[in-house]
Amino acid sequence: GGGEHAGGVMHRNGSGDKADGDGVSPAAACGAMAMAANPEFLFIERKVPVPRSVIATPGAALCLTRGALSRWDWDVFELHAATNGHSLIALGDHLLAPVCDRLGIPRARLYHLLSELEGSYRSDVTYHTSAHAADVLQSAWWMLEHGKVFPALTRSDLLDLA
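These notes cover the structure that comes with them.

### Here's the deal with the side chain of Gln 138
Part 1 of the argument: In this structure, Gln 138 sits in helix H8 (residues 130–146).
Part 2 of the argument: On the accessibility criterion, Gln 138 (0% relative accessible area) is buried.
Part 3 of the argument: A distance of 3.4 Å separates the side chain of Gln 138 from the backbone oxygen of Arg 71, its partner in a polar contact.
Part 4 of the argument: Not counting residues up to four positions away in its chain, the partners in contact with Gln 138 are Leu 69, Arg 71, Trp 74 and Leu 91.

### Focus on the nonpolar core
The nonpolar side chains of soluble globular proteins are, as a tendency, buried together.
Part 1 of the argument: Of all hydrophobic cores here, the largest spans 24 residues; its most connected members are Leu 64, Leu 69, Trp 74, Leu 79, Ile 89, Leu 91 and Leu 95.
Part 2 of the argument: Looking at this core, the elements that each hand over two or more residues are helix H3 (58–63), helix H5 (76–82), helix H6 (87–103), helix H7 (107–119) and H8.
Part 3 of the argument: Looking at this core element by element, the count peaks at seven residues for H6.

### Overview of the packing of aromatic side chains
Part 1 of the argument: This model, assessed by the stated rule, comprises one aromatic pair.
Part 2 of the argument: Seen from the ring of Tyr 111, Arg 52 lies directly overhead, with NZ or CZ sitting 4.0 Å from the centre.

### Looking at the side chain of His 86
Part 1 of the argument: Tracing the chain through its elements places His 86 in the loop between H5 and H6.
Part 2 of the argument: By relative accessible area, which is 17% here, His 86 ends up buried.
Part 3 of the argument: Excluding its chain neighbours within four sequence positions, the residues that come into contact with His 86 are Val 50, Val 54, Ile 55, His 80 and Glu 118.

### Some words on the environment of Thr 83
Part 1 of the argument: Position of Thr 83 relative to the elements: it lies in the loop between H5 and H6.
Part 2 of the argument: Along the sequence, Thr 83 and Pro 58 sit 25 residues apart, while their C-alpha atoms lie 9.4 Å from each other.
Part 3 of the argument: Setting aside anything within four residues of it in sequence, one finds Thr 83 in contact with Val 54, Ile 55, Ala 60 and Ala 90.

### As for the pattern of salt bridges
Part 1 of the argument: The tally for this structure, following the rule as stated, stands at five salt bridges.
Part 2 of the argument: The salt bridge involving Arg 107 is made with Asp 101; its shortest N-O contact spans 2.4 Å.
Part 3 of the argument: The exposure class of Asp 101 is partly exposed, given its relative accessible area of 45%.

Scoring rules and cut-offs
Residues numbered from 1 in each chain as written. Predicted model: local features only at pLDDT ≥ 70, side-chain atom pairs only at ≥ 80, totals over all residues. Heavy atoms only, no water. Helix = DSSP H or I, 4+ residues; strand = E, 2+ residues; numbered from the N terminus. Buried < 20%, exposed > 50% of the residue type's maximum accessible area, 1.4 Å probe, protein only. Polar contact = N/O pair within 3.5 Å; in protein donor to acceptor, adjacent residues only side chain to side chain. Contact = heavy atoms within 4.5 Å. Core = buried A, V, L, I, M, F, W, Y, C linked by side-chain atoms within 4.5 Å. Phe/Tyr/Trp six-rings, centres within 6.5 Å; stacked < 30°, edge-to-face > 60°. Lys NZ or Arg CZ within 6 Å of the ring centre and 35° of its normal. Salt bridge = Lys/Arg side-chain N within 4 Å of Asp/Glu carboxyl O.

Structure representation (structure tokens):
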């Protein structure tokens, strides 16, 4: 795709998706700010989303059951293996799709954002990986779910969380 320039950083845009009138998506702008603050750890590259067929495996479905996700000792590495290294996309799509539905945000945008976010993690940073991000996401979800916070959230609260 063509290149977009935001804050001194080139971003590839395979989808042509532009979220605002200036031609720079919010993700690209945030990525540029993050790179300026911490350039050695983050590189945002917009790409075509990971095909759903890659993460839609029987093993992933088993890892994403409500019973499995409701356990504090949930195993992110099992999901990471079952989704061919795409645990953040699979978990984010599973947990956040209902929030997007409630807010009227197309699920395809969520999926594309998760693909872009997952792609921003560098493979040479051994701990701060997309699997770690999925683990943090599940932990935050667990605390919100088991703390009975979700039912009390307003539309505005959900937008703040999203």
